[in-house]
Each structure stands twice: as structure tokens, then as C-alpha cells.
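Observations on chain architecture
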Amino acid sequence: MLIKIRKLYFAKKISVFLLILVSGGVAGFIAQKELITSIRKFQEIKSFIETQYVDSVSDSTLIHYALEGLLSHLDPYTWYIPQDQFQKISERLENSYVGVGIYT
């Protein structure tokens, strides 16, 4: 029972997240009904994966893949970088470079 409540809560969080994400720039182009239909489709697919997929996949992994897919279709220069990887990249970029390829 607790798992179903968590899944329902997570699905609602995803719906709100997607609603905020999409309404920021695309709401003028997509009718409200189409937006709700798309969010429901996302929830249905996520639920299907949770119940029917051969392996167990965490919610965070599914969201990670969804974000990667969403951003990968914008242009070749837009990527989703998880926070831990972003911190590593930021550290490397913030270091001062001395010579060719050597940083301190």
C-alpha cells in the first residue's frame, strides 16, 4: 500500500514538474488539453515500465533518461548533466591553466 502511495505521489510530482517545464516556453503552442494528455501518457508509460519491464528501474533513473531524451532533441549543443558530473566539470573548468593542457 505504501509503495502505491509513493508511486502516486511521485507521478503527481512528475506531472507538476512537466507542467512547469512545458508551460514556461511552449504553452502558447500546445493546447492545455494536449498538455494534460501528454503528461498522462508519460505517467502511463512510467507505470507500465514499473510493472511490466523485465528489470527494476529506479524513479531517478527513469527521470534521468527522460531529461536526457528531452534535451537531446533540442540541438547538438544541449545536454543533461547530472549534478555530480556537473561539479566535476565545473572544478576542472575553474582551475587555472598553465601551459598546454596542464592545470593547477
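About the cut-offs
Residues numbered from 1 in each chain as written. Predicted model: local features only at pLDDT ≥ 70, side-chain atom pairs only at ≥ 80, totals over all residues. Heavy atoms only, no water. Helix = DSSP H or I, 4+ residues; strand = E, 2+ residues; numbered from the N terminus. Buried < 20%, exposed > 50% of the residue type's maximum accessible area, 1.4 Å probe, protein only. Contact = heavy atoms within 4.5 Å. Areas by Shrake-Rupley, 256 points an atom, 1.4 Å probe, with all protein chains shown as cover. Axes fitted to C-alpha atoms, helices over the stretch in contact; angles between N-to-C directions. Parallel < 35°, antiparallel > 145°, perpendicular 65-115°, else oblique. Left-handed = near helix turned anticlockwise from the far one by under 90°. Nonpolar A, V, L, I, M, F, W, Y, C, P; charged D, E, K, R; others polar. Salt bridge = Lys/Arg side-chain N within 4 Å of Asp/Glu carboxyl O. Expected span 1.5 Å × (residues − 1). Patch = residues over 30% accessible without salt bridge, like charges linked within 9 Å, V, L, I, M, F, W, Y side chains within 5 Å.

**Some points on the overall build of the protein chain**
Scanning the protein chain for helices and strands turns up 4 helices and 0 strands. Looking at the protein chain residue by residue over its 104 residues, the buried ones come to 12%. For the protein chain, long-range pairs separated by at least 24 residues make up 33% of all intrachain contacts whose partners lie at least 6 apart in sequence. Taken as a whole, the protein chain presents about 8900 Å² of accessible surface, with 62% of it coming from carbon and sulfur.

**Considering the packing of helix α2 (residues 32-52) against helix α3 (residues 59-72)**
The N-to-C vectors of α2 and α3 enclose an angle of 135°; their axes lie 12 Å apart at closest approach. Considered as vectors, α2 and α3 are oriented oblique to each other. Like other packed secondary-structure pairs, α2 and α3 cross with a definite hand, here right-handed. Residues Phe-42, Lys-46, Ile-49 and Glu-50 of α2 form the contact with α3, whose own contacting residues are Asp-59, Leu-62, Ile-63 and Ala-66. By residue class, the composition of the contact of α2 with α3 is 5 nonpolar, no polar and 3 charged.

**Observations concerning the pattern of salt bridges**
Applying the stated criterion to the full structure yields 2 salt bridges. For Glu-50, the salt bridge identified is with Lys-46, shortest N-O distance 2.2 Å. Taken as a pair, Glu-50 and Lys-46 lie in helix α2 at a separation of 4 residues, close to a single helical turn. A salt bridge links Asp-59 to Lys-46; its shortest N-O distance comes to 3.3 Å. One end of the pair, Asp-59, is in helix α3; the other, Lys-46, is in helix α2, with 13 residues separating them in the sequence. Of the residues examined, Asp-59 reaches a relative accessible area of 27% and is grouped as partly exposed. By relative accessible area, Lys-46 is classed as buried at 7%. One continuous salt-bridge network, built from bridges that share partners, spans Lys-46, Glu-50 and Asp-59.

**Overview of α3**
Counted at 1.5 Å a residue, the expected span for α3 with its 14 residues is 20 Å, and the 20 Å between its end C-alpha atoms agrees. Every buried residue of α3 is accounted for by Leu-62, His-64 and Leu-67.

**Focus on a nonpolar patch on the surface**
Nonpolar side chains collect at one region of the surface, where Trp-79, Ile-81, Phe-86, Ile-89 and Leu-93 lie side by side and expose about 550 Å² of accessible area between them. Assignment of secondary structure puts Leu-93 in helix α4 (residues 83-94).

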